[in-house]
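So you can see what is in the structure, the chains are spelled out below.
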Amino acid sequence: MYHSTDVTSGKKSCIDTRQPPAYSACPSLLGEPMDLLTYKAFLVDLDGCLRYGRQPAPGAALLLQTLRRRGKSILVLTNTSSTGADELAKDLQSIGLDLSPSEIQTTFDAVGEYIRDRFGPANVLCIGTPALQERLRRDGHEVLPLSRYHEAKAVIVGRDQEFNIERMVAAAKAIDEGAAFIALNMDIRLPVEGGDYTAAAGPFVAAVSALAYQEPEVLGKPSPVFFELALRRLGAAPQEAVMIGDNVETDIRGGKAAGLFSILITDSNVKPTADRSQADLVVHNVAALLGYFDHRL
Ligand SMILES: [Mg+2]
């Protein structure tokens, strides 16, 4: 373990380089033991932190148990655009991660309410999964067929396994005609089993953005809206909360901007060139975080 300093900002980070995970306290920048137990609420990213595809991450179940035993609030904060909290909770329980739907916040579930706050029930063009389209309908919106793109009040883009040129062109034309362009997230790579990855929503958003000559509004991390919603749900102030994530651009940058202590997980290697010094603490995986709790057990 060592303390690093970013040469451009002069900012220091506590970097834990130990592998496999260690179980001793990390000295803070002031030389005192770092004590994560002083925080009340823990926001944890899902993919690349708690799971890799269908595999639970090493230490993930134990981390959740430890947080619960200590009376901490937990909220899984995920940019996923293809699955809602109800289904995710079932998926996670099936791989031994005990989380309820109320402990999971997704852009999938948040986008309908976000659109309703902005426009009321609206005609939307959805570039995303059938499940996302159904979720928007449940939230009171009309999901338009591609041929009615000109009626769209908003274009919503998530991860779309059936993405094609027709969808891309309809979305761009709707944006040309003044529809709001809302991306569920800009994540590029979605980590899966065995250190592999697939495409997250970002590449689809980038294609629409290029064709429309327009940048999207981003609902998910690092957007402050998504963090504010999370803190409100948990009843926590920013200084009482921790963000744990594997993506510097979304989890760490968003967490820091929202005022949270932010911990970077490096195991999934979402973007090997990312600037790790932006994080307050860097660890290999969530198992390594247990050391920051267990020293007081
Ligand atoms: Mg992640």
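Being a predicted model, the structure only gives us computed values, none of them experimental.

Scoring rules and cut-offs
- Residues numbered from 1 in each chain as written.
- Predicted model: local features only at pLDDT ≥ 70, side-chain atom pairs only at ≥ 80, totals over all residues.
- Helix = DSSP H or I, 4+ residues; strand = E, 2+ residues; numbered from the N terminus.
- Buried ≥ 20, exposed ≤ 12 C-beta atoms within 10 Å, placed from the backbone.
- Contact = placed C-beta atoms within 7 Å.
- pLDDT = per-residue confidence, 0-100.
- Arc of directions from axis to C-beta.
- Pairing = 2+ DSSP bridges.
- Right-handed = clockwise from strand over helix to strand, strands pointing away.
- Axes fitted to C-alpha atoms, helices over the stretch in contact; angles between N-to-C directions.
- Parallel < 35°, antiparallel > 145°, perpendicular 65-115°, else oblique.
- Left-handed = near helix turned anticlockwise from the far one by under 90°.
- Nonpolar A, V, L, I, M, F, W, Y, C, P; charged D, E, K, R; others polar.

Asks: Sorry if this is basic, but what is going on with the overall build of the chain here?
Replies: When you go through the chain residue by residue, the secondary structure sums to 10 helices and 17 strands. Residues counted as buried form 47% of the 297 residues belonging to the chain. Pairs at least 24 apart in sequence give 68% of the contacts found in the chain among residues at least 6 apart.

Asks: Explain the confidence of the model for the chain here, please?
Replies: Detailed conclusions should not be drawn from predicted coordinates in areas where pLDDT is low. Summing up the model confidence of the chain, the mean pLDDT is 88 and the portion of residues at 70 or higher is 86%. Below a pLDDT of 50 lies the segment residues 1-11, which in the model reaches 19 contacts outside its immediate sequence neighbourhood of four places, other chains included. Taken as a whole, residues 17-32 scores under 50 in pLDDT and shows 36 contacts with residues more than four places along the chain or in a different chain.

Asks: Help me out: how do you make sense of helix α6 (residues 202-212) in this one?
Replies: Think of an α-helix as 3.6 residues a turn; residues three or four steps apart then line up on the same face. Of the residues making up α6, those classed as buried are Gly202, Phe204, Val205, Val208, Ser209 and Ala212. Summarising the axial view, the buried residues of α6 lie within an arc of 160°, below the 170-degree limit, and thus occupy one face. Residues of α6 that are buried in the fold lie against β8 (123-127), β10 (154-157), α5 (165-176) and β11 (180-183).

Asks: Looking at this structure, I do not really get the pairing of β8. What am I missing?
Replies: On a regular strand, one side chain projects to one face of the sheet and the next to the other, so that they alternate. Among the 5 residues in β8, 4 count as buried, and that is most of the element. Bridging between β8 and strand β9 (residues 142-143) involves 2 bridges; their strand directions are parallel. Each residue of the ladder has a partner; that of asparagine 123, found in β9, is glutamate 142. Taken together, β8, helix α4 (residues 130-138) and β9 form a β-α-β motif whose crossover is right-handed. Pairing between β8 and β10: 4 bridges, direction parallel. The residue bridging leucine 125 from the neighbouring strand is valine 155, located in β10.

Asks: Got a minute to help me understand the sheet that holds β9 in this structure?
Replies: Strand pairing in a sheet relies on backbone hydrogen bonds, with the paired strands running either antiparallel or parallel. Judged by pairing direction, the sheet is parallel, and its 5 strands sit side by side in the order β9-β8-β10-β11-β14 without closing on themselves. If you trace the sheet from one side to the other, it starts and ends with β9 and β14 (217-218), each paired once. Across the sheet, α4 is in contact with β8 and β9; its angle to β8 comes to roughly 160°. Here α5 sits on the sheet in contact with β8, β10 and β11, set at roughly 145° to β8.

Asks: I would appreciate a short explanation of the packing of α5 against α6 in the present structure.
Replies: At their nearest, the axes of α5 and α6 sit 9 Å apart, and the two run at 50° to each other. Taken together, the axis directions place α5 and α6 in an arrangement best described as oblique. Here the hand of the crossing between α5 and α6 comes out right-handed. Of the residues in α6, those in contact with Met168, Val169, Ala171, Ala172, Ile175 and Asp176 of α5 are Ala207, Val208, Leu211 and Ala212. Tallied by class, residues from the contact of α5 with α6 come to 9 nonpolar, no polar and 1 charged.

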